[in-house]
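The lines below spell out each chain.
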Amino acid sequence: MNASQICLRSIELTDAPLLLRWENDPKAWASSGSYNPLSSAFVEAYVLSSNVSLVERGQMSLVIQMQDEAVGYVQVSDYNAVERRAALGVYIAELHRGRGIATEAIRELIQYLRQRMRCEHLYATMLESNTISQHLFLKLGFVHTASLPHWQWTGERYEALYYYQLWSE
């Protein structure tokens, strides 16, 4: 797969039902830190407010589009223009996992954040059991820099939260 096969685009109101399904996936709750299902009204309000700029809001979500199909999304949060840093996250619909889509989407997002937003420090957090995300971010040049042991309740047990960072030299 190459980057030309996917594109990152703004979230549209027509994406709300898909986002609702993805956000209410109980398998993803531990990784996202969600504790309860989201309502369609909440998701629609989020989509409607997503037109505020990353600079103003400090966060943004972009849909990963592959041909005519939305296959997941990437998120930027904790954006800080002074420190020139941001946190990254990714969700790929179960049907599309294992195809390199997350790798290409994160690569595109990194390029955007570095070139357009001048971010020099990027990071991602993930649970110790999320080895797929750990491998993804390591492959993209991120370094495991910190662990918070016994940090997040997953619904079954506490897990460590791992920090991975990528910075410009």
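The rules behind the values
- Residues numbered from 1 in each chain as written.
- Predicted model: local features only at pLDDT ≥ 70, side-chain atom pairs only at ≥ 80, totals over all residues.
- Heavy atoms only, no water.
- Helix = DSSP H or I, 4+ residues; strand = E, 2+ residues; numbered from the N terminus.
- Buried < 20%, exposed > 50% of the residue type's maximum accessible area, 1.4 Å probe, protein only.
- Lys, Arg positive; Asp, Glu negative; His and termini not counted.
- Salt bridge = Lys/Arg side-chain N within 4 Å of Asp/Glu carboxyl O.
- Contact = heavy atoms within 4.5 Å.
- Phe/Tyr/Trp six-rings, centres within 6.5 Å; stacked < 30°, edge-to-face > 60°.

> Tell me what's going on with the side chain of Asp25, and back it up with residues and numbers.
Note that Asp25 resides in the loop between α1 (16-23) and α2 (26-32). For the buried Asp25, no salt bridge exists, and the shortest N-O distance to an oppositely charged side chain is 4.2 Å, to Arg97. In this structure Asp25 touches Tyr91 and Arg97, once residues within four positions along its chain are discounted.

> Got a sec to walk through the packing of aromatic side chains? Specific residues and values, please.
For the structure on display, the rule yields six aromatic pairs. Seen in terms of ring centroids, Trp22 and Tyr91 are 5.7 Å apart; in terms of plane orientation they differ by 45 degrees. Their pairing is tilted. Of the two residues, Trp22 sits in helix α1 while Tyr91 sits in strand β4 (residues 85-92), which places them 69 residues apart along the sequence. Where Tyr123 meets Tyr163, the ring centres are 6.1 Å apart and the plane angle is 25 degrees; that geometry is what we call stacked. Pair noted here: Tyr123 is in strand β5 (residues 121-127) and Tyr163 is in strand β7 (residues 158-167), with a separation of 40 residues, a long-range link. Taken together, the ring pairs connect Trp22, Tyr73 and Tyr91 into an aromatic cluster.

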